[in-house]
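# Coordinates in review
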Amino acid sequence: MIDFQTHFVFPVQSVAPAGPLPADGEIWTVKTPGGAVLKGVHLPPSEPSGRGELILGFGGNGWNGQDVAEYLHQVYPAAHVVAFHYRGYFPSTGSPSAAALIEDSPLIYDLAAKKLRPKKIFAAGFSIGSGIAAQLSAKRKLDGLVMVTPFDSLKQVAQSFYPWLPIAGFFAHEIDTASALETSKVPIAILAGANDEIVPAERTDALRRRAPAVRFDQTIARAGHNDIYGRSDFQLAMREALKALGG
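Residues numbered from 1 in each chain as written. Predicted model: local features only at pLDDT ≥ 70, side-chain atom pairs only at ≥ 80, totals over all residues. Heavy atoms only, no water.

Turning next to the overall build of the protein. Regarding its fold elements, the protein presents eight helices and eight strands. Computed over its C-alpha atoms, the radius of gyration of the protein comes to 17 Å, within 12% of the 18 Å expected for a compact globule of 247 residues. With the principal axes as the frame, the protein shows a C-alpha extent of 55 × 40 × 30 Å. Pairs at least 24 apart in sequence give 73% of the contacts found in the protein among residues at least 6 apart. (Helix = DSSP H or I, 4+ residues; strand = E, 2+ residues; numbered from the N terminus. Rg over C-alpha atoms; globule rule 2.2 N^0.38 Å. Contact = heavy atoms within 4.5 Å.)

Spelled out as structure tokens, the structure:
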């Protein structure tokens, strides 16, 4: 049962491989205490107006880390961007799990903070990555958190797919986003899709009720869970969200 859940939550075999590294990109490496080797990408600002901001990217379960970095670099060209391939997602080694990804995020933060010494650090999490970013905010100092198609509890999202099953009793990859944020003072931006077919609206609404530090909240009309990223109104909202958080 746990193996089935892992393949469902982390579909490693269906994730597209990263393309050629951009000319100004760097490959970074960090090793976990358990011996897994994590690979990531740093993209420096492409605009001279950069103010020393760093965006840490945490993608959805179907993204490779380089694609996350390149997308965020497109949206925020004046910032440093760092995103890693999740544990178990090639070329990172190890086996993916919710606990592993949560444990790995402070290692990525610490490496980026040491190398870049940014003035401000923001995290941007997409889908399952929004939960990872939220958990990071409880462990390290963030200046803001951008959450795209977020949820209160991954277990409750899974329950919505199988309402006839007692998911709570055997779900192995819980990410409790709401608990990480309900006492947090980190300013939060929420961006949701009006037609999200993966994260039910009630799961995002439940997060809103328990996250008191929301500073920006926008639902993109007619946007689904996966097609939201190519929309110009969404990318504009992403830029507005960062400004609302002080970026």
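Right, picking up where we left off after that structure.
Our next topic: the pattern of salt bridges. Scanning the entire structure with this criterion turns up nine salt bridges. Here glutamate 103 and arginine 87 are joined by a salt bridge, their closest N and O atoms 4.0 Å apart. One end of the pair, glutamate 103, is in helix H3 (residues 98–116); the other, arginine 87, is in the loop between strand S4 (80–84) and H3, with 16 residues separating them in the sequence. On the basis of relative accessibility, which here comes to 14%, the residue arginine 87 falls in the buried class. Of the charged contacts in the structure, one is a salt bridge between arginine 203 and aspartate 152, with a shortest N-O distance of 2.7 Å. Of the two residues, arginine 203 sits in helix H7 (residues 201–210) while aspartate 152 sits in the loop between strand S6 (144–148) and helix H5 (154–161), which places them 51 residues apart along the sequence. Residue classification places aspartate 152 among the buried residues on the basis of a relative accessible area of 7%. The structure contains a network of salt bridges with shared partners spanning Arg87, Glu103 and Asp104. (Salt bridge = Lys/Arg side-chain N within 4 Å of Asp/Glu carboxyl O. Buried < 20%, exposed > 50% of the residue type's maximum accessible area, 1.4 Å probe, protein only.)

In short, the description is geometric, and any link to function would need to be established separately.
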